[in-house]
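The residues making up each chain are set out below.
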Amino acid sequence: MTKPLWAPWRLEYIAQADEQEGCVFCLESEGAVAAAESLVVHGGDAAIVILNKFPYSSGHLMVAPRRHAGELAALTDAEALEIHRLAVDAVDALGRLYGPGGFNLGWNIGRVAGAGIADHVHLHVVPRWGGDTNFMPVLADVKVLPEHLLETRDRLRQAWSVSG
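Calculation notes
Counting starts from 1 at the beginning of each chain's written sequence and moves along it residue by residue. With the structure being a predicted model, the display of local features is reserved for residues of pLDDT at least 70 and the display and counting of side-chain atom pairs for 80 or more, all residues being used for whole-chain, interface and lining totals. In computing side-chain values, all of the structure's heavy atoms are included and hydrogens and water are not. Numbering of helices and strands runs from the N terminus; a helix is a DSSP stretch of H or I covering at least four residues, while a strand is a stretch of E covering at least two. The cut-offs for exposure are 20% and 50% of the maximum accessible area for each residue type, with area from a 1.4 Å probe on protein chains only; residues under the lower value are buried, those over the upper are exposed, and the others partly exposed. Note on contacts: a residue pair is in contact if any heavy atoms of the two residues lie within 4.5 Å. The salt bridge criterion pairs a side-chain nitrogen of Lys or Arg with a carboxyl oxygen of Asp or Glu, the two atoms within 4 Å. In this scheme, strands are said to pair when DSSP sees at least two bridges between them. Orientation is described by lines fitted to C-alpha atoms, with helices fitted over the stretch in contact, and by angles between N-to-C directions that extend from 0 to 180 degrees. Counting rule for disulfides: a pair of cysteine sulfur atoms within 2.5 Å.

Got a minute to help me understand the overall build of the protein in this structure?
Across its full length, the protein carries 5 helices and 5 strands. For the protein, the residues scored as buried account for 35% of the 164 residues in total. The contacts in the protein between residues at least 6 apart in sequence include a share of 63% that link residues at least 24 apart.

Below, the structure is given as structure tokens:
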């Protein structure tokens, strides 16, 4: 029996992928995204933590400076420190909330390195579980996410406020 996969945010992306103006990190930092649609989990003084709208796995977060910076070397010491401190907090919140078996953290610098948003540096925080890679992405170019992004956002915001 075939079962449908539900990923409503994909249609939005497909319909608007070439139409979005501006940098998603800057728009979120400036509060230009409607609160109900915002994927910001936590905002610091110099950086924000935002859910990846097209995640590798559930809970995939990105930590980005509030200031538009296209190169890692362009970050101030304060921005770099806060980004890494927020990444530590992200690992803590995700660990308490979802209990993954591990995490991948990394920077994709430049389009050829895999950066989907190449002109605003950001650190990925990706929770991982044993067996979380399977045939779906390989055969069907589909990722199965068990929870809607806005539900994940709300749960992480609550978990963050408990740890902060």
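After that view, the rundown keeps rolling.
Any chance you could explain the pattern of salt bridges here in plain terms?
All chains considered together, the criterion is met by 3 salt bridges. Two residues, Arg67 and Glu79, come together in a salt bridge whose shortest N-O distance is 2.7 Å. In this pair, Arg67 is assigned in the loop between strand 3 (61-65) and helix 3 (77-98) and Glu79 in helix 3, connecting sequence segments 12 residues apart. Using a relative accessible area of 6% as the deciding quantity, one classes Glu79 as buried. In this structure, Arg153 and Asp154 form a salt bridge, with 2.8 Å as the shortest nitrogen-oxygen distance.

Help me understand the sheet that holds strand 1 (residues 40-43), please; the structure alone is not making it clear to me.
Two strands in a sheet stick together by hydrogen bonds in their backbones, pointing the same way (parallel) or opposite ways (antiparallel). Taken in spatial order, the 5 strands line up as 1-2-3-5-4 in an open sheet, and their pairing is antiparallel. Both outer strands of the open sheet, strand 1 and strand 4 (102-107), are each paired with one neighbouring strand and no more. Sheet twist, expressed as the mean angle between neighbouring strand axes with direction ignored, is 20°. Two strands pair when backbone bridges link them, and strand 2 (residues 47-51) and strand 3 are joined in this way by 5 bridges, in the antiparallel orientation. Each residue of the ladder has a partner; that of Ile50, found in strand 3, is Met62.

What's the story with the state of the cysteines in this structure? I'm lost.
Summed over all chains, the structure comprises 0 disulfides. Free cysteine: Cys23, not disulfide-bonded; nearest cysteine sulfur from Cys26 at 3.9 Å. Take Cys23: its relative accessible area is 12%, and that puts it in the buried class. The class of Cys26 is buried, set by a relative accessible area of 13%.

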